[in-house]
Amino acid sequence: VAALLFTADGRYLMQKRDKRPEARMADHWGVFGGQVDARETPREALIRELREELSFETANARWFTEILY
């Protein structure tokens, strides 16, 4: 799951990935998110990931698009 976060004035919030070679997409800009754990919905995973990564609580997550790979 991934969150496309934006501010009230329309700016996007992104993260700069670590430069560590073992990090996925090292040293690139990306969005916040992570894997869906067993027995949780994608929405639950997104809310959990935002809490873990940003200490950000939201109940206003809305579906945008889906890409399966």
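Model, not experiment: these values are computed from the prediction. For every chain, the first residue of the written sequence is number 1, and numbering continues from 1 along that sequence. Side-chain atom pairs in this predicted model are given and counted only at pLDDT of 80 or more, local residue features only at pLDDT of at least 70, and totals for whole chains, interfaces and linings cover all residues. Only heavy atoms go into the side-chain values, all of them from the structure, while hydrogens and water stay out.

(A) The overall build of the chain, seen in detail. In this text, helices come from DSSP runs of H or I with a minimum length of four residues, and strands from runs of E with a minimum of two, each type numbered from the N-terminal end. Scanning the chain from terminus to terminus reveals 1 helix and 6 strands. Mapped in sequence order, the helices and strands of the chain form the string β-β-β-β-β-β-α. With the C-alpha coordinates of the chain rotated into their principal frame, the extents come out at 35 × 35 × 25 Å. Looking at the chain as a whole, 22% of its 69 residues are labelled buried. For the accessible areas, the method is Shrake-Rupley and the probe is 1.4 Å, while residue cover comes only from the protein chains on display. Accessible area for the chain stands at about 6,000 Å²; split by element, carbon and sulfur atoms hold 56% of it. Where the 11 positive side-chain charges of the chain centre and where its 12 negative ones centre are 3 Å apart. Residue exposure (1.4 Å probe, protein chains only): buried if accessible area is under 20% of the type maximum, exposed if over 50%, otherwise partly exposed. Note that His is not counted, nor are the chain ends; the positive residues are Lys and Arg, and the negative ones are Asp and Glu. One atom stands in for each charge, and that atom is NZ of Lys, CZ of Arg, CG of Asp or CD of Glu.

(B) Spotlight on a nonpolar patch on the surface. On the surface, L4, F6, Y12, M14, W29, V31 and F64 cluster together into a nonpolar patch covering about 830 Å² of accessible area. Within the element layout of this structure, F6 appears in strand β2 (residues 5–6). With a relative accessible area of 52%, F6 lands in the exposed category. Note that patches include only residues with greater than 30% relative accessible area and no salt bridge, and the join distances are 9 Å for like charges and 5 Å for nonpolar side chains (Val, Leu, Ile, Met, Phe, Trp, Tyr). The salt bridge criterion pairs a side-chain nitrogen of Lys or Arg with a carboxyl oxygen of Asp or Glu, the two atoms within 4 Å.

(C) How the structure looks around helix α1 (residues 42–54). When the terminal C-alpha atoms of α1 are compared, their 18 Å separation across 13 residues agrees well with the 18 Å that a helix rising 1.5 Å per residue should span. Taken together, the buried positions of α1 are A45, L46, I47, R48, E49 and L50. Two residues qualify as a contact provided that any one of their heavy atoms is within 4.5 Å of a heavy atom in the partner residue. The secondary structure elements touched by the buried residues of α1 are β1 (2–3), β2 and β6 (32–33). The positive-phi residue at the C-terminal boundary of α1 is S55, with phi of around 55°. One less than the number of residues in a helix, times 1.5 Å, gives the span that helix is expected to have.

(D) Region of interest: the environment of E44. Tracing the backbone through its elements, the reader meets E44 in helix α1. Under the relative-accessibility criterion, E44 is labelled partly exposed at 43%. Along the sequence, E44 and V1 sit 43 residues apart, while their C-alpha atoms lie 9.7 Å from each other.

(E) Quick peek at the nonpolar core. Among buried residues, the Ala, Val, Leu, Ile, Met, Phe, Trp, Tyr and Cys ones that are joined through side-chain atoms within 4.5 Å form a nonpolar core. In terms of nonpolar packing, the biggest core is built from 6 residues, these being A3, L5, F32, L46, L50 and A61. When neighbours within four sequence positions are excluded, L46 is seen to be in contact with V1, A2, A3 and A61.

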